[in-house]
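What follows is the residue order along each chain.
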Amino acid sequence: MKRSLVVAIMGILALATPAASQVHLGFNAGLSQYTGNDFEDAEMGVGFGTHLLFGKGDTRFGFGGNYARHGEEGFDEKTTTMDLFGILRYMFPGESARFFIGGQGGFTRVSAEILSISLSANGFTGGPVLGVQIPLSTLFLELAGDLRYVKLGDVESEGETFQDSDSSGMIWGFKLGISIPVGG
C-alpha cells in the first residue's frame, strides 16, 4: 500500500499545473485524544501525517493521511488509527504569518491486537481545522488544531462481526509541521 501511495503522489506531482508554487507538500507530527462515552478509557496518542494541497489564491484543496497510536487504561497494547481524508482550506490574507480555517473528512480505521486477537473497526471522521502558516526561508512552519466527529462501525475480528459494537465520539488534536512548495 505504501508503494501505491508513493506512486500516486509522484503522479500527481508530475501532472501539477505550471503554478507549481501553489502545490504544497506537508508533513506533521502531533498529539490527539478521543473523547466521549464510547472512548472514556482512551489515552492521549502520538501520531504523524502528510498532506498535499493544491490551489490558486487563498483557497486550497487536497488530500492527506494520518497514523497514530493510542493507549487505553488497563491495557499494555496500543490502538492504531489510520485516516485518509480530503481537505479544504481558506488562507486569510497576510504579509508574513497566514492564518487558515478549513475542514477535513474521510475514512478512518481503528485497530488493536489484544491477547493475540486482532480487532478493527472502519468508519468516518470529519470536522474543522484552524491554524497558522509561518514562512521560513524555503518552506513554511505550520501549527494546526482540529476537532473531528468520529463514527465507527461494528468491531470485526478474524472474519466475525460483533453486532451493536459501533461507537462514536470526538477526537481533538494539535499538530506541528512543515509545508514545502513543490516546483517553481
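Further up the page is the structure itself.
Below is a summary of the structure that appears in this document. (Residues numbered from 1 in each chain as written. Predicted model: local features only at pLDDT ≥ 70, side-chain atom pairs only at ≥ 80, totals over all residues. Heavy atoms only, no water.)

Concerning the pattern of salt bridges
Step number 1: Applying the stated criterion across every chain yields a total of six salt bridges.
Step number 2: Of the charged contacts, one joins Arg-98 and Asp-58 as a salt bridge, the two residues approaching to 2.6 Å between their closest N and O atoms. Highlighted residues: Arg-98 in strand 5 (residues 98–114) and Asp-58 in the loop between strand 2 (42–54) and strand 3 (59–72), separated in sequence by 40 residues.
Step number 3: Accessibility expressed as a relative area gives 17% for Arg-98, which makes it buried.
Step number 4: As a salt-bridge pair, Asp-83 and Arg-148 come within 3.3 Å of each other at their nearest N and O atoms. Of the two residues, Asp-83 sits in strand 4 (residues 75–91) while Arg-148 sits in strand 7 (residues 140–152), which places them 65 residues apart along the sequence. No difference in accessibility class separates Asp-83 from Arg-148, as the two residues are buried.
Step number 5: A single salt-bridge network, built from bridges that share partners, covers Asp-83, Asp-146, Arg-148 and Lys-175. (Salt bridge = Lys/Arg side-chain N within 4 Å of Asp/Glu carboxyl O. Helix = DSSP H or I, 4+ residues; strand = E, 2+ residues; numbered from the N terminus. Buried < 20%, exposed > 50% of the residue type's maximum accessible area, 1.4 Å probe, protein only.)

Observations concerning a nonpolar patch on the surface
Step number 1: On the surface, Leu-31, Met-44, Val-46, Leu-147 and Trp-172 cluster together into a nonpolar patch covering about 450 Å² of accessible area.
Step number 2: By the secondary structure assignment, Trp-172 is in strand 10 (residues 167–181).
Step number 3: Among the residues examined, Trp-172 registers a relative accessible area of 34% and is labelled partly exposed. (Patch = residues over 30% accessible without salt bridge, like charges linked within 9 Å, V, L, I, M, F, W, Y side chains within 5 Å. Areas by Shrake-Rupley, 256 points an atom, 1.4 Å probe, with all protein chains shown as cover.)

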